[in-house]
Amino acid sequence: MTMRIAVAGATGNIGARTATTLERAGHEVVRISRSLGVNLITGDGLDVTLRGVDAVVDATSYEAADPDDAVAHFGTATRNLLAAEEQAGVRHHVLLSIVGIDRIEGNAHYAGKREQERLVAQGPVPWTIVPFTQFHDFAATVTSWTEQDGVAPIPPLLVQPIAPADVADILAEIATDAPQGRYRDVAGPEPQDLVDMARRTSDARGHTVKLIPTSSSLLGPEMAGNVLLPGEGARIAPTTFDEWLADARR
C-alpha cells in the first residue's frame, strides 16, 4: 500500500537516505527540514506539511556541547512535531535513536536523545523507537572533531557499527508497518575498534592524520567496554565495515 510519509531531518545523512529509500518503494515522501522552509523549533510550516501524512520518521540530529542545550533543543523540536502530528491525525511516529544512551551520563547528545525518547513514549501519537549502534562513518566523524595540526586524539572504544544505508532501509521498513513501541537494538555484523576504524577510513580516503589513542578525548571512559554494543536479541544488519570501506575507496 502506498503511504504518505514525512521525514524530519530529510537533508541529513540518514534522513536523505531514508527519503530516497521510501520513494524507491513507491511511497510519497514529504521532506521536513529548516532549509526547506519547515522549522521544528518554531513550528513554522509543520501544520501544512503534515496534512494527509500517515507516518513520520524523525531522523533529526543536533550537535551540542552542553546537555541542557541538547535537552532543550530536542525537547522543543519533539513537542512541536508530536503536537502537529496529533492535529494532523498521523498514525505512526518513528524515532531514530542510539543504543546505550541510557547507560551513559554526561554526553550532551545522549541527554538530548533520552529526552526525545521520553517525550515520544509519553506522547499522543503511536510510536516506534529504534535504537541503532554507531554508524560506519562514526570514526571519521570523531577524527574530524578532534583533529588539530594533523593529530587526532581518539578513544579506543569497542563498537559494532552499522552502514547508514542499512539504517535507512530499516527505518523505511518500520515506517510502513504498524507501531511497535520500543524496537530491539539494531547493529552491524561485527564489533570493531574505533581507533582501527579511524585509521582504515583515513587511509581509504587518502587523509593523513596521526591518531593518538586516549580515553581523555571527547568520548570518555564511560563509553568503554560493552556499553556501546547491542543487547541480546539484536537485529543484525548485513553490510560489514569492510564492504562499506570498499565503497568509500571508490
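Just so you know, these numbers come straight off a predicted model, no measurement behind them.

(A) Spatial organisation of the packing of aromatic side chains. On inspection of all chains with the given rule, the structure shows three aromatic pairs. Pairing Phe241 with Trp244 gives two aromatic rings, centres 5.7 Å apart and planes at 25°, and the pair type is stacked. Note that Phe241 and Trp244 are positioned in helix H8 (residues 241-248) at a spacing of three residues, about one turn of the helix. Judged on exposure class, the residue Phe241 and its partner Trp244 are both buried.

(B) Just the layout of surface pockets, in detail. Reported here for the largest pocket is a volume of approximately 1,300 Å³. Together, 44 residues line the largest pocket, and Ser61, Tyr62, Glu63, Phe74 and His109 are the ones closest to its centre. Taken together, the residues of the lining of the largest pocket break down into 22 nonpolar, 17 polar and five charged.

(C) Representation of the pattern of salt bridges in the model. For the coordinates displayed, the defined rule picks out twelve salt bridges. For Asp196, the salt bridge identified is with Arg200, shortest N-O distance 3.6 Å. Pair noted here: Asp196 and Arg200 are both in helix H7 (residues 194-204), with a separation of four residues, about one helical turn. Overlapping salt bridges, with partners in common, bring together Asp196, Arg199, Arg200, Asp203 and Asp242 in one network.

(D) Molecular detail of the nonpolar core. Ranked by size, the top nonpolar core spans 25 residues in total, and within it Val130, Phe132 and Leu171 carry the most contacts. Elements that contribute at least two residues to this core include exactly strand E1 (4-8), helix H1 (13-24), strand E3 (55-58), strand E4 (92-98), strand E5 (127-132) and helix H6 (164-175). With six residues, the top contributor of residues to this core is H6. Excluding residues within four positions of it along the chain, Phe132 makes contact with Leu96, Ser97, Ile98, Val99, Ile162, Val167, Ile170, Leu171 and Val186. The next biggest cluster of nonpolar side chains, apart from the first, holds 24 residues, and it includes Val142, Ile154, Val159 and Val209.

(E) Expanded view of the pairing of E4. The buried count for E4 comes to seven of seven residues, which makes it a mostly enclosed element. Every second residue of E4 is oriented toward a common face, with His92, Val94, Leu96 and Ile98 on one face and His93, Leu95 and Ser97 on the other, all of them buried. One ladder, built from four bridges, connects E3 with E4; its direction is parallel. Residue pairing in the sheet places Val56 in a bridge with His93 of E4. Remark: the E3/helix H3 (residues 67-88)/E4 crossover connection has right-handed handedness. In terms of handedness, the path from E4 via helix H4 (residues 108-122) over to E5 forms a crossover that is right-handed.

(F) Expanded view of the environment of Leu157. Tracing the sequence through the fold places Leu157 in the loop between strand E6 (151-154) and strand E7 (158-159). For Leu157, a relative accessible area of 3% puts it in the buried group. The spacing of Leu157 and Pro213 is 56 residues in sequence and 9.4 Å in space, taken between C-alpha atoms.

(G) Structural context of unusual backbone geometry. Within the chain, Asp149 stands out as a residue other than glycine whose phi angle is a positive 55°. Considering the arrangement of structural elements, one finds Asp149 in the loop between helix H5 (138-146) and E6.

(H) Structural view of H4. With 15 residues, H4 ought to run about 21 Å at 1.5 Å a step, and its terminal C-alpha atoms sit 22 Å apart, in line with that. Extensive coverage of H4 is indicated by the burial of eleven of its 15 residues. Of the positions making up H4, those classed as buried are Ala108, His109, Tyr110, Ala111, Gly112, Lys113, Glu115, Gln116, Glu117, Leu119 and Val120. Turning to H4, the residues buried within the fold contact E3, H3, E4, E5 and strand E8 (181-182). The backbone nitrogen of His109 lies 3.1 Å from a side-chain oxygen of the residue at the head of H4, namely Asn107.

Cut-offs used in this document
- Residues numbered from 1 in each chain as written.
- Predicted model: local features only at pLDDT ≥ 70, side-chain atom pairs only at ≥ 80, totals over all residues.
- Heavy atoms only, no water.
- Phe/Tyr/Trp six-rings, centres within 6.5 Å; stacked < 30°, edge-to-face > 60°.
- Helix = DSSP H or I, 4+ residues; strand = E, 2+ residues; numbered from the N terminus.
- Buried < 20%, exposed > 50% of the residue type's maximum accessible area, 1.4 Å probe, protein only.
- 1 Å grid on protein atoms, 1.4 Å probe; cavity = no way out; pocket = protein on both sides within 12 Å on 5 of 7 lines; lining within 4 Å.
- Points joined across faces, edges and corners; volume = space filled by probe spheres on them.
- Nonpolar A, V, L, I, M, F, W, Y, C, P; charged D, E, K, R; others polar.
- Salt bridge = Lys/Arg side-chain N within 4 Å of Asp/Glu carboxyl O.
- Core = buried A, V, L, I, M, F, W, Y, C linked by side-chain atoms within 4.5 Å.
- Contact = heavy atoms within 4.5 Å.
- Pairing = 2+ DSSP bridges.
- Right-handed = clockwise from strand over helix to strand, strands pointing away.
- Expected span 1.5 Å × (residues − 1).
- Polar contact = N/O pair within 3.5 Å; in protein donor to acceptor, adjacent residues only side chain to side chain.

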